[in-house]
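# Summary of structural features
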Amino acid sequence: MYKSIVIGTGPSGLTAAIYLARANLQPLVIEGPEPGGQLTTTTEVENFPGFPEGIMGPELMDNMRKQAERFGAQFKTGWVNKVDLSQRPFKLSVEGHGELETESLIISTGASAKLLGIGNEKDNIGRGVSTCATCDGFFFRGKKIIVVGGGDSAMEEAHFLTKFATEVRVVHRRNELRASKIMQDRARENGKITWSLNQTPLEVVSGDRGVTGLKVKDNATGKEEIIETDGIFVAIGHTPNTKFLDGQLQTDETGYLIVKPGTTETNIPGVFACGDVQDQKYRQAITAAGSGCMAALDCEKFLEGMPVHDWSQAL
Ligand code: NAP
């Protein structure tokens, strides 16, 4: 029986683990198939405060993990197949470790950027294919970029990337954009953005030094062509990793966990959520880490039998 279990080892989960461990709550941290989360698939992180020269994503996550271990957090690797949140202690069924019980639970399983699933795409992540303009845009100064997608994320990323690129071409599979009018208008007014609509991406084209083009098919004519580019930003949405919860926690219509405003409390007392699994707006390592800290503090209050939602009563 654990006092607290943290599921997920991105910046939010590891920050929660550091705080819980320093509060002497000996948390168990369960890491899944992508230990370290999305930052382990990026190269250099230049916007995490405290690293003036930048730091490689995997190294940053490794440091956070060591910091949690130093204060007594334990780690187990395995897929969480099932959870039972109907009563406390909560029960977790973890692949390779059987059933675990805990008085409190922090969910920090993140969200996964959707990929196109086309040839050469995965192999070129970090070599010109990216799913995060804020993280990687800076590396494309003076270069040509493609953004794939027609939603608000694609419009936002395209607009942002014009700060760095000479040309940003939006490639979208339909003639109509899905994005809100205001976001579309802003992108259309940006003279550096060009458009390839009604084009389905077929394959990432790359050479020794990374991405050189994107092969697309024109859906009206069936004609295939290679659009030359130095980078491809895939902005077709994210999927929050909540499937294992089997609907036991409240989510919004897109599957993100709902927390009480200003806290990390879910609809079940003793279950907290932090990081991208409850945030489709900011999605940054630093905001995830901040919410991980909040989750640990909320969890501590809960375990002490104090109200979480009203700190004025707790203090
Ligand atoms: P989204 O609205 O689901 O849009 C995804 C886009 O990617 C769609 O245009 C879709 O095409 C395309 N797409 C999906 N799968 C594809 C595939 N396999 N191949 C090619 N194209 C594919 O996702 P999002 O843009 O990330 O936005 C998610 C939510 O966050 C939305 O509610 C959005 O309003 C919100 N958001 C808001 C802001 C803001 O207000 N500042 C910024 C970002 C996101 P189809 O159109 O053909 O389906």
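Just above sits the structure.
All of these numbers come straight from a predicted model, not from anything done at the bench.

### Side note on the packing of helix 4 (residues 152–161) against helix 5 (residues 181–189)
Two elements in contact, helix 4 and helix 5, have axes whose closest approach is 9 Å; the angle formed by their N-to-C orientations is 30°. With respect to their mutual orientation, helix 4 and helix 5 come out roughly parallel. Where helix 4 crosses over helix 5, the two elements pack in a sense that is left-handed. From helix 4, Asp152, Met155, Glu156 and His159 reach across to helix 5, where they touch Met183, Gln184, Arg186 and Ala187. A per-class count over the contact of helix 4 with helix 5 returns 3 nonpolar, 2 polar and 3 charged.

### Some points on the state of the cysteines
All told, the structure shown has 1 disulfide when counted by the stated rule. Residue Cys132 pairs covalently with Cys135 via a disulfide, S to S 2.0 Å. Where Cys132 bonds to Cys135 through sulfur, the torsion about that S-S bond is close to 75°, and the disulfide is right-handed. Free cysteine: Cys299, not disulfide-bonded; nearest cysteine sulfur from Cys274 at 9.9 Å.

### Points about helix 1 (residues 11–22)
Helical geometry: 3.6 residues make up each α-helical turn, so side chains three or four residues apart lie on a common side. In this model, helix 1 (12 residues) spans 16 Å end to end at C-alpha, consistent with the 16 Å of a helix rising 1.5 Å per residue. Of all 12 residues in helix 1, 10 are buried, a share of seventy percent or more. Residues of helix 1 that are buried sit in contact with strand 1 (2–7), strand 2 (28–31), helix 2 (57–70), strand 5 (74–77), strand 8 (98–107) and helix 6 (285–303). Taken from the residues just after helix 1, Asn24 is the one with a positive phi, measuring 65°.

About the criteria used
Residues numbered from 1 in each chain as written. Predicted model: local features only at pLDDT ≥ 70, side-chain atom pairs only at ≥ 80, totals over all residues. Heavy atoms only, no water. Axes fitted to C-alpha atoms, helices over the stretch in contact; angles between N-to-C directions. Helix = DSSP H or I, 4+ residues; strand = E, 2+ residues; numbered from the N terminus. Parallel < 35°, antiparallel > 145°, perpendicular 65-115°, else oblique. Left-handed = near helix turned anticlockwise from the far one by under 90°. Contact = heavy atoms within 4.5 Å. Nonpolar A, V, L, I, M, F, W, Y, C, P; charged D, E, K, R; others polar. Disulfide = S-S within 2.5 Å. Expected span 1.5 Å × (residues − 1). Buried < 20%, exposed > 50% of the residue type's maximum accessible area, 1.4 Å probe, protein only.

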